[in-house]
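Analysis of the macromolecular model
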Amino acid sequence: TPRVFSGIQPSGNLHLGNYLGALKRFVEMQNNGIESIYCMVDLHAITVWQDPADLRNATRELAAGFIAAGLDPEKSILFNQSQVAEHTQLAWIFNCVARMGWMQRMTQWKDKAGKNQQNASLGLFAYPSLMAADILVYHATHVPVGEDQKQHLELTRDIAIKFNHDYGVDFFPITEPVIEGAATRVMSLRDGAKKMSKSDTSDASRINMTDDADTIARKIRKAKTDPLALPSEAKGLEERPEARNLVNIYAALSEQGVDAVLRDLGGKQFSEFKPMLADLAVAKLAPISEEMARLMQDVTEIDRILQNGAARARAIAAPILDRTYDIVGMVR
Ligand code: AQP
């Protein structure tokens, strides 16, 4: 039976890319009746420095974002990673399965560690091993993510394959990444070559889930574009990364294909298209951000939901970790 797992880091600035690439699709999976486990991955967040008070707030705000976007804590399991110790316990086993060379090839490691790798945290280097544990401690079969996580998911498969091979078992499933839709890689509004990112120092580069209507409209109005009109088919967006990005966002928000959008809107200038996109973005995001703000007024309720989710998550993870320890030869 299919089981879905995915996570988002509570590192602040939850943005439109996280929503379209991840959250919105989590809700679709849940509503298709697939057993779904979603995690605020706080242990991943601290691989780079997080102020403790900010981390606490970002974790609750992310949980509010999940619920406001349509995740039902009764149907899906919602929790934060550090409350289920089995993730880190399995990650240690995987640290002993994975190879240094595998980690060194990860583009996120290279990007985030930058030039001074010696000064990056050991946690940042081992990040993909913990991510493999997040997924495999539930024997999850499908992982909905944005395009940027594809390489980490391939590594998750490699770890499962090597574990199964080394111990001569058929224990961990080979998970399928689910990377689909018009917005698997939402780009920065200021630079069509960079992905929209929480850590971009320019706030104008992204639409935050907490932005109000005026801010969203202003950021879209100022988004970088080219002087041409919209083409009438997707082919016409090749070599036009900024235009393609805005059309992809429109398509994803309006739940249409890019070709369908361009059949309607081809020939329009950006001066006309941008206000349409802004109206659509506000219509879709404002109810979510309002609900997030409402939920954040009662953090004890959020904490209760996370705690309850953690207990349900642990009930699945504990027996799988136990069997893993048996396979590895730990005396119990
Ligand atoms: N620009 C994006 N387009 C589509 N999907 C995206 N995701 C992230 N950025 C985009 C997806 O969101 C989920 C959670 O991401 P995360 O917080 O775990 O990872 P991240 O890559 O660290 O997010 P950011 O926003 O880019 O943060 P920084 O700046 O720290 O790198 C994942 O499914 C991811 O694919």
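Residues numbered from 1 in each chain as written. Predicted model: local features only at pLDDT ≥ 70, side-chain atom pairs only at ≥ 80, totals over all residues. Heavy atoms only, no water.

Another point: the pattern of salt bridges. For the structure shown, the criterion picks out 18 salt bridges. Its salt-bridge partner being Glu255, residue Lys24 comes within 3.4 Å of it at the nearest N-O pair. Taken together, the positions of Lys24 in helix H1 (residues 16-31) and Glu255 in the loop between helix H10 (241-254) and helix H11 (258-265) put the pair 231 residues apart, joining distant regions of the chain. Owing to a relative accessible area of 13%, Lys24 belongs among the buried residues under this scheme. A residue is classified by how much of its surface remains accessible, and Glu255, at 59% relative accessible area, is exposed. Among the charged side chains, a network of salt bridges with common partners joins Asp203, Arg206, Asp211 and Lys219. (Salt bridge = Lys/Arg side-chain N within 4 Å of Asp/Glu carboxyl O. Helix = DSSP H or I, 4+ residues; strand = E, 2+ residues; numbered from the N terminus. Buried < 20%, exposed > 50% of the residue type's maximum accessible area, 1.4 Å probe, protein only.)

Domain boundaries in the protein chain define domain 1 (3-178 + 298-328) and domain 2 (203-294). Listed by partner, the interface residues are 13 residues for domain 1 and 14 residues for domain 2. Carbon and sulfur atoms supply 73% of the area that domain 1 and domain 2 bury against each other, a total of about 1200 Å² over both sides. Together, Leu16, Tyr19 and Ala68 form the three largest contributors to the area buried by domain 1 at its contact with domain 2, with a combined 39%. Here domain 1 and domain 2 share one salt bridge between them. On the surface where domain 1 and domain 2 come into contact, there are three residue pairs in polar contact (both at pLDDT 80 or more). For the side of domain 1 that touches domain 2, the element with the most residues is helix H3 (residues 52-69), which contributes five residues. (Domains from an automatic or database assignment. Contact = heavy atoms within 4.5 Å. Buried area = accessible area lost by both parts, 1.4 Å probe. Polar contact = N/O pair within 3.5 Å; in protein donor to acceptor, adjacent residues only side chain to side chain.)

Among the 22 residues in the neighbourhood of the ligand, the closest are listed as Asp148, Lys195, Ser197, Lys198 and Ser199. One nitrogen or oxygen atom from the side chain of Gln9 is found 2.9 Å from an oxygen atom belonging to the ligand. Contact distances for the ligand include 2.4 Å between an oxygen atom and a side-chain N or O atom of Ser199. For the ligand, whose free accessible area comes to 640 Å², the fraction covered by protein is 95%. Within the residue set of the shell around the ligand, elements represented by two or more residues are strand S1 (3-8) and H1. Ranked by residue count, the leading element in the shell around the ligand is H1, at four residues. Residue composition of the shell around the ligand, by class: six nonpolar, eleven polar and five charged. (Near = heavy atom within 4 Å. Areas by Shrake-Rupley, 256 points an atom, 1.4 Å probe, with all protein chains shown as cover. Nonpolar A, V, L, I, M, F, W, Y, C, P; charged D, E, K, R; others polar.)

All right, on to the packing of helix H7 (residues 122-136) against helix H8 (residues 150-166) then. Direction vectors running N to C along H7 and H8 enclose 70 degrees, while the axes themselves pass 9 Å from each other. In terms of orientation, H7 and H8 fall into the roughly perpendicular class. Where H7 abuts H8, its residues Tyr127, Pro128, Ser129, Met131, Ala132, Ile135 and Leu136 lie against His152, Leu153, Leu155, Thr156, Ile159 and Ala160. Class assignment of the residues belonging to the contact of H7 with H8 gives a composition of ten nonpolar, three polar and no charged. (Axes fitted to C-alpha atoms, helices over the stretch in contact; angles between N-to-C directions. Parallel < 35°, antiparallel > 145°, perpendicular 65-115°, else oblique.)

Let's shift gears to a positive patch on the surface. The grouping of Arg190, Arg218, Arg221 and Lys222 at the surface amounts to a positive patch. By secondary structure assignment, the location of Arg221 is in helix H9 (residues 213-221). (Patch = residues over 30% accessible without salt bridge, like charges linked within 9 Å, V, L, I, M, F, W, Y side chains within 5 Å. Lys, Arg positive; Asp, Glu negative; His and termini not counted. Charge placed at Lys NZ, Arg CZ, Asp CG, Glu CD.)

Let us look at H8. Since the α-helix packs 3.6 residues into each turn, any two residues three or four apart lie on the same face. An ideal rise of 1.5 Å per residue puts 24 Å on 17 residues; H8 measures up with 24 Å between its terminal C-alpha atoms. Every buried residue of H8 is listed here: His152, Leu153, Leu155, Thr156, Ile159, Ala160, Phe163 and Asn164. (Expected span 1.5 Å × (residues − 1).)

The next point concerns the nonpolar core. In this structure, Leu16, Tyr19, Leu20, Leu23, Phe66 and Phe273 are the most contacted members of the largest nonpolar core, which totals 61 residues. Of all the elements, helix H12 (residues 270-295) adds the most residues to this core, at eleven residues. Here this core spans two domains, since at least three of its residues come from each of domain 1 (3-178 + 298-328) and domain 2 (203-294). Filtering out sequence-adjacent residues up to four positions away, Leu20 remains in contact with Arg25, Ala183, Val186, Ile249, Ala252 and Leu253. Residues Tyr138, Ala317, Ile320 and Leu321 belong to the second largest nonpolar core, which totals 46 residues. (Core = buried A, V, L, I, M, F, W, Y, C linked by side-chain atoms within 4.5 Å.)

Moving on to the packing of aromatic side chains. As enumerated under the stated definition, the model contains 13 aromatic pairs in all. Centre to centre, the rings of Phe26 and Phe66 are 6.0 Å apart; their planes meet at 35 degrees, and the pair counts as tilted. With a gap of 40 residues between them, Phe26 in helix H1 and Phe66 in helix H3 connect regions that are remote in the sequence. By relative accessible area, Phe26 is classed as buried at 0%. With relative accessibility at 0%, the residue Phe66 sits in the buried group. Pairing Tyr250 with Phe273 gives two aromatic rings, centres 5.4 Å apart and planes at 50 degrees, and the pair type is tilted. One end of the pair, Tyr250, is in helix H10; the other, Phe273, is in helix H12, with 23 residues separating them in the sequence. Here the two residues Tyr250 and Phe273 agree in accessibility, since each one is buried. Members of the aromatic cluster, each reached through a chain of ring pairs, are Phe94, Phe163, Tyr167, Phe171 and Phe172. (Phe/Tyr/Trp six-rings, centres within 6.5 Å; stacked < 30°, edge-to-face > 60°.)

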